[in-house]
Structures are given as structure tokens and as C-alpha cells.
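Each chain is listed here by its residues.
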Amino acid sequence: METISGSCRLGLWHVHVYWNGDLVSRIRFSRTGIDGSVPLLIRQYCAGKPVDLRSFVSIAIQDNTPYSRIYRAVQKIPYGKTATYGEIARQVGTSPRVVGQAMARNPTPLIIPCHRVVAANGIGGFSPDIEIKELLLAREKRNRRKNRDTSA
DNA sequence: AACGTACACTTAT
DNA sequence: ATAAGTGTACGTT
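Small disclaimer: the values here were computed from a predicted structure and weren't measured.

Counting secondary structure elements, chain A contains six helices and six strands. The N-to-C order of helical and strand elements in chain A reads β-β-β-α-β-α-α-β-α-α-β-α. In terms of C-alpha radius of gyration, chain A reaches 15 Å, essentially the compact-globule figure of 15 Å for 152 residues. Taking the principal axes of its C-alpha atoms as reference, chain A extends roughly 40 × 40 × 30 Å. Here the contacts in chain A between residues at least 6 apart in sequence split such that 57% fall between residues at least 24 apart. For chain A, the exposed area adds up to about 8300 Å²; of that, 50% sits on carbon and sulfur atoms. Both charge centroids of chain A, one from 23 positive and one from 11 negative side chains, sit 5 Å from each other.

Laid out in C-alpha cells, this is it:
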């Protein structure tokens, strides 16, 4: 089993992806790119298409880490929708603060869509830069509206 | 191995 | 406006 790495563009950022088939072991954001390939669906998502990434498996839910229940709950949030830290916490029986902690340590953002987890009164945080979360949420919201308009 | 501190939050004073 | 509750990680003894 060989892990493939590569990066693609997302706005001003580069998304580095380490993967093997449907299994994604790591995703991180950087100002610079690296050589190598990225799965088609992830490339399309980064290009702004409304792609459902739930067909991928994150190492974060395959492993049995203390946060895995939280990651599983977060992965169920569909494209264009959001949940609050508190809602996720209630689902898995922990506290909102812990959910934030799990998001901060998410090894595979996008696959585990931590950008769809927002604060009860605000957007919440995101690393390395909140602008990525803002971009993704704005884009998903826009695409969701577009889908609604064209599907009725 | 224990201890203190730092968090991508929320809810109740 | 402030404080308490919460679970994990990480650095310092």
C-alpha cells in the first residue's frame, strides 16, 4: 500500500492531500504547492463544484482515537449545511469545547468537514486561516441555493 | 507520572 | 461581563 501525495489549488491556498484510493490519511493547507496527484473528486471540490466527499474514508474515523465519534458525526453533515459545536456535542455525549478541540486536531479537513461546524453565535474558528472556512461556507451556501433554483 | 495550562464553545450568573 | 463545565494534548516538573 503506497500513499500518494499531491496538491491542488483552493483560492489563494494549496491543499496537500495524502491518500490511497478512498482512504485519506492527511490533508493540510499551505501557501505553496507540491508535486503529485489529487483524487478527481477532491480536485473538483476545491475548484468550487458541489461535490459530496463522503465517499472518502478518513483515517480519523478508521482509527479508534478518542475523537473518532465526533469525527463520524461531523462527516454526516451534508454539503451546504452546518451544525454547531453544541449540537455535535449533544449527539455524541460530550461538551462543545471538546468538539472544538477535535476540530482543531482534525487530520483530514474537507473529508471530515470541520468547516461546517460553527459556533452558536458566530462562525467559530479555523486553522490555519479563518478565510478558508469563510470561503468554503460562502461557496457551499451559494451552490446550495443554485441547486434549489434549478431543481424546482 | 503527575500537574498545569491552553484551547476552533456554551450556558447560566 | 464573567465564570464554570468540559476532555484532550502538550509542555514542564
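A word on the protein's contact with DNA strand B. Lining the immediate surroundings of DNA strand B are 16 residues, of which Tyr85, Arg97, Gln101, Ala120 and Gly125 lie closest. Restricting the count to atoms of DNA strand B within 4 Å of the protein gives a sugar and phosphate share of 47%. Between DNA strand B and glycine 86, the relevant distance is 3.3 Å, taken from a phosphate oxygen to a main-chain nitrogen or oxygen of the residue. Backbone polar atom of alanine 120 to a phosphate oxygen of DNA strand B: 2.6 Å apart, as the coordinates give it.

One open sheet accounts for four strands, arranged 1-2-3-4; its pairing is mixed. Because the sheet does not close on itself, it has two edges, and the strands there are strand 1 (4–10) and strand 4 (57–58).

Bringing the packing of helix 4 (residues 85–92) against helix 5 (residues 96–104) into the picture now. The interhelical angle for the contact between helix 4 and helix 5, taken along N-to-C directions, is 105 degrees, at an axis separation of 8 Å. In terms of their interaxial angle, helix 4 and helix 5 are classed as roughly perpendicular. On helix 5, the residues that touch Tyr85, Gly86, Ile88 and Ala89 of helix 4 are Pro96, Val99, Gly100 and Met103. Tallied by class, the residues present in the contact of helix 4 with helix 5 amount to six nonpolar, two polar and no charged.

Thresholds applied
Residues numbered from 1 in each chain as written. Chains lettered and ligands numbered in written order. Predicted model: local features only at pLDDT ≥ 70, side-chain atom pairs only at ≥ 80, totals over all residues. Heavy atoms only, no water. Helix = DSSP H or I, 4+ residues; strand = E, 2+ residues; numbered from the N terminus. Rg over C-alpha atoms; globule rule 2.2 N^0.38 Å. Contact = heavy atoms within 4.5 Å. Areas by Shrake-Rupley, 256 points an atom, 1.4 Å probe, with all protein chains shown as cover. Lys, Arg positive; Asp, Glu negative; His and termini not counted. Charge placed at Lys NZ, Arg CZ, Asp CG, Glu CD. Near = heavy atom within 4 Å. Polar contact = N/O pair within 3.5 Å; in protein donor to acceptor, adjacent residues only side chain to side chain. Pairing = 2+ DSSP bridges. Axes fitted to C-alpha atoms, helices over the stretch in contact; angles between N-to-C directions. Parallel < 35°, antiparallel > 145°, perpendicular 65-115°, else oblique. Nonpolar A, V, L, I, M, F, W, Y, C, P; charged D, E, K, R; others polar.

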